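Chain residues, written in single-letter form:
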Amino acid sequence: MDRENKQQLVTKIDKDNVPNHVAIIMDGNGRWAQKRHLPRIAGHKEGMQTVKRVTIAASDLGVKVLTLYAFSTENWKRPDKEVSFLMKLPVTFFGDFVPDLIKNNVKVQVMGLIDQLPKATQKAVADAVAQTANCTGMILNFALNYGSRMEIIDAVKQVASMVKQDELAIGDIDETVFSDKLMSAPLGEYADPDLLIRTSGEERISNFLLWQIAYSELAFVDTYWPDFSGETLQAEIIEYQGRHRRFGGLETE
Ligand code: IPE
Ligand code: IPE
Ligand code: MG
């Protein structure tokens, strides 16, 4: 895209209606690589560069939370070689990118079963979280070893245990009580995505944020993740701004 087109795209965005929370299912790394007769891991490596570009673009646009689905609880089924490459990616990614994150005031958070990750991955994640803890701009929230059914079961266990300990009456269990036990709770008022994007042409949720997307706007784009860019994000936000969110009510003009 040339500069003029880029500029046109930016000016078309309504700065007052930027989705606060954008969640992305980053899919298509393997197919991007296969199309080029490269090993799948080459796609993951390239996908990491996309994460950097899209993070800065989202932050520049005024997105408050960018949640990126990086590794699902089902992705352990992949060949060992691919899994171990994916586990090393956060080490390279944060090792390289934390200064830029700090420069852009971006704070790193994670959701998922982090303690099941290899020690070096856990350390890379913990370091990035600590190093950006004082940043007050966009939250870059990685879903890492995350699965929504696991998250919901875990929340149910927490609520059940509160009831058992007489800390909570069954009648007092409501959406707020339950949401507070989900892994998205630290995102506070932005826990639910306004816009969920999945790349690569697949049109499914793959165990991502099942509770939180009740009223999210869904966007499925054909682009493989390594080809996704700040401009693709802008185009999706413009498309989002043309939608009418009703939350079960009626349109108010
Ligand atoms: C997404 O790309 C990255 C992860 C799931 C870790 P894929 O690796 O799923 O790529 P495709 O879907 O096989 O092309
Ligand atoms: C979803 O992609 C998980 C991530 C992007 C991390 P997958 O490629 O694992 O999903 P399926 O298997 O095609 O549903
Ligand atoms: Mg995939």
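Predicted model, so just to flag it, every value in this text is computed and none were measured. (Residues numbered from 1 in each chain as written. Chains lettered and ligands numbered in written order. Predicted model: local features only at pLDDT ≥ 70, side-chain atom pairs only at ≥ 80, totals over all residues. Heavy atoms only, no water.)

Compared with an ideal rise of 1.5 Å per residue, which puts 17 residues at 24 Å, helix α6 (residues 148–164) spans 24 Å between its outermost C-alpha atoms and is within 8% of the ideal. Taken together, the buried positions of α6 are occupied by S148, M150, E151, A155 and V159. Considering only its buried residues, α6 is in contact with β3 (107–111), β4 (139–146) and α7 (175–179). (Helix = DSSP H or I, 4+ residues; strand = E, 2+ residues; numbered from the N terminus. Expected span 1.5 Å × (residues − 1). Buried < 20%, exposed > 50% of the residue type's maximum accessible area, 1.4 Å probe, protein only. Contact = heavy atoms within 4.5 Å.)

It is worth spelling out the site of ligand 2 at this point. The environment of ligand 2 is made up of I25, M26, D27, Y69, A70, F71, S72, N75, R78, R198, R204 and S206. Between N75 and ligand 2, the recorded distance is 2.9 Å, taken from a side-chain N or O atom to an oxygen atom. Between R78 and ligand 2, the recorded distance is 3.2 Å, taken from a side-chain N or O atom to an oxygen atom. The protein chains hide 77% of the 390 Å² of surface that ligand 2 would expose on its own. (Near = heavy atom within 4 Å. Polar contact = N/O pair within 3.5 Å; in protein donor to acceptor, adjacent residues only side chain to side chain. Areas by Shrake-Rupley, 256 points an atom, 1.4 Å probe, with all protein chains shown as cover.)

So, about the UniProt feature "binding site: Mg(2+)" (unreviewed entry) in the protein chain. UniProt's entry tags D27 and E217 with the feature "binding site: Mg(2+)" (unreviewed entry), counted in the numbering of this structure. Among the annotated residues just listed, those that line the largest pocket are D27. The topology assignment puts D27 in the loop between β1 (21–25) and α2 (29–35). Within the secondary structure, E217 is located in strand β6 (residues 217–220). Apart from residues lying up to four places away in sequence, E217 is in contact with D194, L195, L196, Y240, R243 and R245. (UniProt positions renumbered as here; feature names shortened; annotations may be inferred. 1 Å grid on protein atoms, 1.4 Å probe; cavity = no way out; pocket = protein on both sides within 12 Å on 5 of 7 lines; lining within 4 Å.)

Per the stated rule, a full pass over the model turns up 11 aromatic pairs. Relative to W76, the ring of F71 lies with its centre 5.0 Å away and its plane at 75°, an arrangement referred to as edge-to-face. When its relative accessible area of 2% is taken as the criterion, F71 is described as buried. Within the aromatic cluster, the residues linked to one another by ring pairs are F93, F94, F97 and F142. (Phe/Tyr/Trp six-rings, centres within 6.5 Å; stacked < 30°, edge-to-face > 60°.)

In this section: the pairing of β4. If a strand is regular, its side chains alternate between the two faces of the sheet. A large share of β4 lies buried, amounting to 8 of its 8 residues. Pairing between β3 and β4: 5 bridges, direction parallel. Looking across to β4, one finds that K107 is bridged to I139. Handedness of the β-α-β unit built from β3, helix α5 (residues 119–131) and β4 comes out left-handed. (Pairing = 2+ DSSP bridges. Right-handed = clockwise from strand over helix to strand, strands pointing away.)

Next up on the list: the environment of T67. Locating T67 in the fold gives a position in strand β2 (residues 65–72). Owing to a relative accessible area of 0%, T67 belongs among the buried residues under this scheme. Expressed as a C-alpha distance, the spacing of T67 and N141, which sit 74 residues apart in the sequence, is 4.5 Å. Within the structure, T67 has its side chain in polar contact with the side chain of N141 (distance 3.0 Å).

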